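Below are the chains, spelled out letter by letter.
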Amino acid sequence: MVTLIVLSLLIGLLVLGISAGVYFHSSPLLKRGVRTSAVCVNVGQVAQGSMLLLEYTPQSGPARQYTVGPFVFPPVRVGGRIEVIYDPKRPQEVSLPERLPKSTRRLVIAIAVSGAAVAACGAVAVAYTW
């Protein structure tokens, strides 16, 4: 019984952490993100596929670089252009538009459900030890 409670607690914490991380990364980009064109300046290989080094220029600052991947089939070659979206308040926060969720609604639901599961597991664990 204790093992099941601990396992459920760990799974709930994992889901909570992942969904919260995705939410905090995606939310600003969805709310105020600026789309711009980035140029591929390098393609590197890793065990899982190709990594792209992209360079983009925010409206208020110098050019920045962003590594994205891995790709089995890279969407662009060196010198090619691809669209990125960045947060104008934090231009280092950048993503490919297709890698962002359409909205954060499901993430908020995942955070709420996993938080409730963690709280329930904690309550059961406390009750079990009494």
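Coordinates for the structure precede this section.
Residues numbered from 1 in each chain as written. Predicted model: local features only at pLDDT ≥ 70, side-chain atom pairs only at ≥ 80, totals over all residues. Heavy atoms only, no water.

### Remarks on the pattern of salt bridges
Line of reasoning, step 1. The final tally for this structure, using the stated rule, is three salt bridges.
Line of reasoning, step 2. In this structure, R32 engages D87 in a salt bridge whose closest nitrogen and oxygen atoms are separated by 2.7 Å. Here R32, found in helix α1 (residues 2-32), pairs with D87, found in strand β4 (residues 81-87); they are 55 residues apart in sequence, far enough to count as distant.
Line of reasoning, step 3. For R32, a relative accessible area of 32% corresponds to the partly exposed category.
Line of reasoning, step 4. Taking the relative accessible area as the measure of exposure, D87 reaches 1% and is therefore buried.
Line of reasoning, step 5. A salt bridge links E93 to R90; the nearest nitrogen and oxygen atoms lie 3.7 Å apart.
Line of reasoning, step 6. Given a relative accessible area of 22%, E93 falls into the partly exposed group. (Salt bridge = Lys/Arg side-chain N within 4 Å of Asp/Glu carboxyl O. Helix = DSSP H or I, 4+ residues; strand = E, 2+ residues; numbered from the N terminus. Buried < 20%, exposed > 50% of the residue type's maximum accessible area, 1.4 Å probe, protein only.)

### So, the environment of I82
Line of reasoning, step 1. Its place among the elements puts I82 in strand β4.
Line of reasoning, step 2. Using a relative accessible area of 13% as the deciding quantity, one classes I82 as buried.
Line of reasoning, step 3. For the pair formed by I82 and G21, sequence separation is 61 residues and the distance between their alpha carbons is 25 Å.
Line of reasoning, step 4. Excluding its chain neighbours within four sequence positions, the residues that come into contact with I82 are T36, S37, A38, L54, P75, V76 and L96. (Contact = heavy atoms within 4.5 Å.)

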